[in-house]
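An overview of the molecular structure
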Amino acid sequence: MKYIKVFISEIPWNCGWYYSAMSVYERGNEDRYSKEEERILQANNRKFNSLFDYPDNSIKTSKYNFFNFLPINLFEQFQRLANAYFLILLVLQLIPQISSLVWYTTVIPLVVVLSITGVKDAIDDVVKWLPGLPSLYLKRHQSDKQVNNRSVLILVNGRVEKDKWMNVQVGDIIKLENDHPVTADVLLLSSSEPYGLTYIETADLDGETNLKVKQAISVTSDMEDNLELLSAFNGEIRCELPNNKLDKFSGTLSYLGDTYFLDQERLLLRGCIIRNTDWCYGLVIYTGPDTKLMQNSGQSTFKRTHVDHLMNVLVLWIFLVLGTMCFLLSIGHGIWKSNKSYFFQAFLPWEHVIASPATSPILVFWSYFIVLNTMVPISLYVSVEIIRLGNSYYINWDRQMFYVPRNTPAQAHTTTLNEELGQVQYVFSDKTGTLTENVMTFSKCSINGKTYGYCYDANGQCVPVSLKDKVDFSYNHLADPKFSFYDNTLVEAVKSGDHLVHLFFLCLSLCHTVMSEEKEQGELVYQAQSPDEGALVTATRNFGFVFCSRSSETITVIEMGKTRVYRLLAILDFSNERKRMSVIVRTPEDRVMLFCKGADTIIYELLHPCCASLAEVTMEHLDDFAREGLRTLMVAYRELDNAFFQTWIKKHNEACLTSEARERKLTMVYEEIEKDLMCLSLVVGSPHSGTLGNRTQSSCQTQDSIQGDGNPERFRWSWREPTVNITGPGNTLRYKEEMKLLGATAIEDKLQSGVPETIVTLSKAKVKVWVLTGDKQETAVDTAYACRIFRDEMDGVFVVEGTDRETVLQELRTARKKMKPESLLESDPINIYLTRKPQMPFRVLDEVPNGNYGLVISGYSLAYALEGGAELELLRTACMCKGVVCCRVTPLQKAQVVNLVKRYKKAVTLAIGDGANDIGMIKAAHVGVGISGHEGLQAMLSSDFSFCQFRYLQRLLLVHGRWSYNRMCKFLSYFFYKNFTFTLVHFWYAFYNGFSAQTVYDTWFIACYNMVYTSLPVLGLSLFEKDVNETWSLCYPELYEPGQHNLYFNKKEFIKCLVHGIYSSFVLFFVPMGTIVNSERSDGKDISDFQTFSLLVQTALIWVMTMQIALNTTSWTVINHTFTWGSLGLYFSILLVLCSDGLCLLFPSIFHFLGVARNSLWQPHTWLCLILSTVLCMVPVIGYNFLKPLLWPVNVDKVLNRIHFCLRHPLPPPVQTKVKHPSIRRSAYAFSHKEGFGDLITSGKTLKSSAFRNSRKSL
């Protein structure tokens, strides 16, 4: 697989604390800041700061409150045109001259619909299920109240007092303690650590759990915890206005006549957690909604499904059809009234209010508008809400999405987006905590050409690990009990004193930047700058090499029970370009050693040819590790001559002190001592000739004794530059100073269970997965390969890392040229379309590349790509790729990427994440999914659906989403059809009643048709229908495709429903009409009356609707049978009651069909009419359903045929197997700690305060 840099350019990775991506994509400031240019505040001066009307520190995440619920909710509900339609209809029914129905027939259903929907929306907004406590509910309002009422220590009048978060104001000085969250965006003043250092964790901001460092400026750090000095501090801050740029802050501090520059290194952001720092003081700069966390949280939006939008359009169409019919019928009434109405005044008396012939048609127009209102029945929306509620409960009740370790089920936080789950085309996922468990584990290693970490049976065959193979570390009282390893041979090698194994673990225990902290109980806790380093140091600890502590000059390690102190001479710091780090130490034996670890791809290039054989073996092991998706690095060491080191350290110090091109000079000095790695050349010869038989021996192993001339003898070391002379009787051995290869490590960046399988399954379902992460590029790309978003068989992976707009554009165009050269031509259809400058919103069509490609883009480059002129280039390039990784992106950029796809692709998007930094994209996407993970409940509370594991996503989409979409489509098709058929019978009847707006049916039938007779069958279909079961849905992801293209219900399908309804209404009117005209009973009595005709039409209608719902039902259950056939029986039962003698005689003004049912249903021609009407209505449908897959097949038809074939034959369904990882790509150096942390260690600034103070006192 080719890894492509489409346009080489350097990125200034100056990893200040979080992102290197500077967002240059600005939408403008809020109105409150429109006239301001900068923020001004003064410490400890609330009166002065109150002049600027800064907000308090309270937050609000809920959408409604007690006062705005009713107006906002009603406004949202009346955005549905059908609700507005029924409101207009209600007004018309209040006019007696045109109303043929009483007003409460519309008021009551409308109020019921609005009430049910309002209660549901209120529940969606305020009630959130709290994982782990099935009986406890957490309300958003209560969550806001809980956060706002947290305690914080505020400096007031020289004393530290406890107060609430919401009472914190700009300019206050607050005290933060270890393991406590930061209250607001504060300027760090001082801390318990030397030099004003403070360690923080930013998981809620960028998803990273590794430690970061902030440092106060010296003028304030000297105040330490002196309350008198802090209370007297009256510095004035001038800084930028509140914004959403997490990596940017600039301002000045004016204090005691001097001005100091402030940047992001001095700012603690709300959402961070104080770690490894006893206390710190900070000056509040931004509060509440002005904090960068809240600026990135996004706005709560009212999410509506594509089906809702489509229904609005269809309602407009129905209005047009309804208006057209009413207009035609009013014209017909006018013609009829002019020509024939005079002769029918006995039956249709003229009203006195009708002053002219033109008045009557106008009134009839509105009368028919009321009569035909069932074209859009209000029960449609009640049924939709019930269906969505039922399908939401299916998600809540799904035991296969229940995560047992946390006792947490999947949860639908909204009931309005279920069918949207069946139409998703783009998934935007966070990485840390979403795809991964955010847990690094030392899995395997290779030492001196031998692998460790595999388990073998008695025959020497590699077998999967099991609990019985777990290594027992009880012999090591300092071991971490949470660490697991499954190969006892490595422990045996350590215990046996294998020199290279010991050296391997010694290297790992020394070459790092981890900080250690000993708890009161003697528990050793590591604070690592990257989770990789934490995993490696924890592993060495369990194998007997325990990193205990460090200072600016020493590192203390307990080696196999013995405490040894190494003098730290230099740290060759990590950088993104070097992809490695080294330490130089002096051992207790006074030997100068260089230990190095780094990306295998980098260190391999530095290998000396003498180590070719061992290097090749190690690289094969790395290939094996990479196939398992492990993160790998190489480990090496070198013993240095003291004179050589002294010369080198002078160069190093000169490079450190230079002010011009310091980084470049340091890199050159580092490379000087790290070159020609991992080799030991041994030259054997006599003192006279300098050779021994012209033989040269090469070894990559360290020996304390060497045999010369066949005689064993202990040799002594005497260093020379550049060789080591080892003297013995009769010959001289000379060692060239080069580093020795120790081996390699394999860290498992533990993916959540089932993530690769889920990604592969979603890919088969034509769902594209994009990773949007704040993590560094190497780590994000490694995870993309491990998750199978990127694959080795891809034709290329493009890397976009330009530092200006022109470079980014060039890189994107170069990538698009490789994927589809013709896309850059002016003759390309999309280019032609775009040159016409179509009005927004428009859709960018999909483009098919000439291969499989991936795209990697940094947040810095993404900022330029999201600008107006480049966003379409980014969109077209990214959408042609199979997978996209955006790394080092801010929360706002995540939301912008989601909105970009929403705006131009018109595709359903889903965003999934677990941290507060994912809230923006979760709110921006059509569907937001929260992972209940290690980073709190922020993402879950803002999401539409939540669960604990990423693998549940495939079940949410392919099973629940697909079923919900199919059910909703079948429901809408059937519902529109049955109401078109029901309503249009009135249209045909108008030609026989003088266009007088009379109804065909009995009033009670009109009232019960939608709410009683046909409601249960369609609800049974919509709640229990399964065209295939869940097993087949997961085995054949291709079944998901119709929902993505909205094939089952769209404008075309709506037209089919309308045409079908017109045809069925025609049959249901004229077949009974032909049956009843001039017909007689067997006793000769005439039965060609209106009531008999009405009963015949409505009974035939119920029969046809029942047969239609039966034809649409694929999965029959007891409930379906009960609802379908029970409703038919219920109709006849109610009909006999309504036409009974007792009821009609008791209430003659209400029940008019006395004895009609008894007289009509016993006539043979009645049943013949029912059968004929049903057959005529069903034959076209059956014929169409039979011919459609034969003449116009789609992919899903072929899949369904395969499934039906399997069902007819007793073959077991295909079983999903675990996805293998045939990757030959080894991961890059995945450390994510910030560059320059080595300088902090060697400067002594990382010393704990007590030690630091003691050293100062001794001085």
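These remarks concern the structure in this document. Here the structure is a predicted model, which is why all the values come from computation and not from measurement. (Residues numbered from 1 in each chain as written. Predicted model: local features only at pLDDT ≥ 70, side-chain atom pairs only at ≥ 80, totals over all residues. Heavy atoms only, no water.)

1. Quick word on the overall build of the protein
The number of helices and strands found in the protein is 42 helices and 45 strands. The 1259 residues of the protein split such that 58% are buried. In the protein, the share of contacts with a sequence separation of at least 24, taken over all contacts with a separation of at least 6, comes to 74%. (Helix = DSSP H or I, 4+ residues; strand = E, 2+ residues; numbered from the N terminus. Buried < 20%, exposed > 50% of the residue type's maximum accessible area, 1.4 Å probe, protein only. Contact = heavy atoms within 4.5 Å.)

2. Some thoughts on the pairing of strand β38 (residues 740-751)
For β38, a buried count of 10 out of 12 residues is recorded, marking the element as mostly surrounded by other parts of the structure. One ladder, built from eight bridges, connects strand β19 (residues 436-447) with β38; its direction is antiparallel. Across the sheet, Thr441 pairs through a bridge with Glu748, a residue of β38. Taken together, the seven bridges between strand β30 (residues 631-640) and β38 define a ladder with antiparallel strand orientation. (Pairing = 2+ DSSP bridges.)

3. Notes on unusual backbone geometry
Note on backbone geometry: most residues besides glycine have negative phi, and most peptide bonds are trans. Positioned with a positive phi, Asn276 is a non-glycine residue whose angle comes to about 55°. With respect to the helices, strands and loops of the structure, Asn276 is situated in the loop between β15 (273-275) and β16 (279-286). Even without glycine at this site, Phe995 takes up a positive phi of about 55°. Within the element layout of this structure, Phe995 appears in the loop between α29 (952-990) and α30 (1003-1013). Residue classification places Phe995 among the buried positions, given a relative accessible area of 10%.

4. A short note on the sheet that holds strand β10 (residues 211-215)
Across the sheet, three strands lie side by side as β10-β9-β15; this open sheet has antiparallel pairing. Edge strands, defined here as strands with exactly one partner in the open sheet, are β10 and β15. When the angles between neighbouring strand axes are averaged without regard to direction, this sheet yields 45°. Note: strand β9 (residues 197-201) against β15, three bridges, orientation antiparallel. By the bridge assignment, Ile200 is partnered in β15 with Ile274. (Axes fitted to C-alpha atoms, helices over the stretch in contact; angles between N-to-C directions.)

5. Thoughts on the packing of α29 against helix α34 (residues 1051-1076)
One can describe the packing of α29 onto α34 by two numbers: an axis separation of 7 Å at closest approach and a directional angle of 45°. Comparing their axes, α34 and α29 come out oblique. Between α29 and α34 lies a crossing whose hand is right-handed. Between α29 and α34, the contacting residues are Ser973, Phe976, Tyr977, Phe980, Thr981, Leu984, Val985, Trp988 and Tyr989 on the first element and Phe1054, Cys1057, Leu1058, His1060, Gly1061, Ile1062, Ser1064, Ser1065, Phe1066, Leu1068, Phe1069 and Phe1070 on the second. Broken down by class, the residue content of the contact of α29 with α34 amounts to 15 nonpolar, six polar and no charged. (Parallel < 35°, antiparallel > 145°, perpendicular 65-115°, else oblique. Left-handed = near helix turned anticlockwise from the far one by under 90°. Nonpolar A, V, L, I, M, F, W, Y, C, P; charged D, E, K, R; others polar.)

6. As for the sheet that holds strand β13 (residues 258-263)
Read across the sheet, four strands follow the order β2-β11-β12-β13 without closing on themselves; strand pairing throughout is antiparallel. Unpaired on one side and paired on the other, β2 (39-42) and β13 mark the two borders of the sheet. Neighbour to neighbour, the strand axes of the sheet diverge by 20° on average, direction disregarded. Both β2 and strand β11 (residues 236-239) contribute to a ladder of four bridges, which runs antiparallel. Considered in β11, the bridge of Arg39 is made with Cys239.

7. Concerning the packing of aromatic side chains
Taken as a whole and judged by the stated rule, the model has 61 aromatic pairs. Judged by centre distance (6.3 Å) and plane angle (85°), the ring pair of Phe249 and Tyr286 falls under edge-to-face. Pair noted here: Phe249 is in the loop between β11 and β12 (250-255) and Tyr286 is in strand β16, with a separation of 37 residues, a long-range link. Classification of Tyr286 by relative accessible area gives buried; the value is 1%. When the centroid spacing of 5.4 Å and the interplanar angle of 90° are considered together, the rings of Phe976 and Phe1054 count as edge-to-face. Of the two residues, Phe976 sits in helix α29 while Phe1054 sits in helix α34, which places them 78 residues apart along the sequence. (Phe/Tyr/Trp six-rings, centres within 6.5 Å; stacked < 30°, edge-to-face > 60°.)

8. Description of the environment of Met880
As for its position among the elements, Met880 is in the loop between α25 (871-879) and β42 (883-887). The exposure class of Met880 is buried, given its relative accessible area of 3%. With 33 residues separating them along the chain, Met880 and Glu847 place their C-alpha atoms 6.2 Å apart. When sequence neighbours within four positions are dropped, the list of residues in contact with Met880 reads Lys768, Arg816, Met819, Lys820, Glu847 and Pro849.

9. As for helix α39 (residues 1164-1191)
An ideal rise of 1.5 Å per residue puts 40 Å on 28 residues; α39 measures up with 40 Å between its terminal C-alpha atoms. Residue Met1178 marks the point of greatest curvature in α39, where the axis turns by about 30°; the proline Pro1180 follows within four residues. Of all the positions in α39, only His1165, Thr1166, Cys1169, Leu1170, Ser1173, Thr1174, Cys1177, Met1178 and Val1181 are classed as buried. Lining the buried residues of α39 we find α34, α35 (1090-1112) and α38 (1156-1160). (Expected span 1.5 Å × (residues − 1). Bend = angle between axes of the 7 residues up to and from the residue.)

10. Digging into the pattern of salt bridges
Scanning all chains against the criterion turns up 31 salt bridges. The shortest N-O distance in the salt bridge between Arg813 and Glu873 comes to 3.3 Å. Of this pair, Arg813 sits in helix α22 (residues 805-819) while Glu873 is found in helix α25, placing the two residues 60 residues apart along the sequence. Using a relative accessible area of 36% as the deciding quantity, one classes Arg813 as partly exposed. (Salt bridge = Lys/Arg side-chain N within 4 Å of Asp/Glu carboxyl O.)

11. Considerations on the nonpolar core
If you look at the biggest cluster of nonpolar residues, it comprises 94 residues, and the most contacted ones within it are Tyr368, Leu380, Phe971, Leu972, Phe976, Phe980 and Phe1005. In terms of residue count, the dominant contributor to this core is α29 (17 residues). In terms of nonpolar packing, the next biggest core, distinct from the first, is built from 55 residues, Leu490, Val537, Leu742 and Ile1241 among them. (Core = buried A, V, L, I, M, F, W, Y, C linked by side-chain atoms within 4.5 Å.)

12. Examining helix α20 (residues 755-764)
The element α20 is extensively covered by neighbouring structure, given that eight of its 10 residues are classed as buried. Buried residues of α20: Val755, Pro756, Glu757, Thr758, Ile759, Val760, Thr761 and Leu762, and no others. Contact partners of the buried residues in α20: β38, β39 (768-772), α21 (777-786), α29 and α32 (1030-1035). Phi turns positive, to about 65°, at Lys766, one or two residues after α20.

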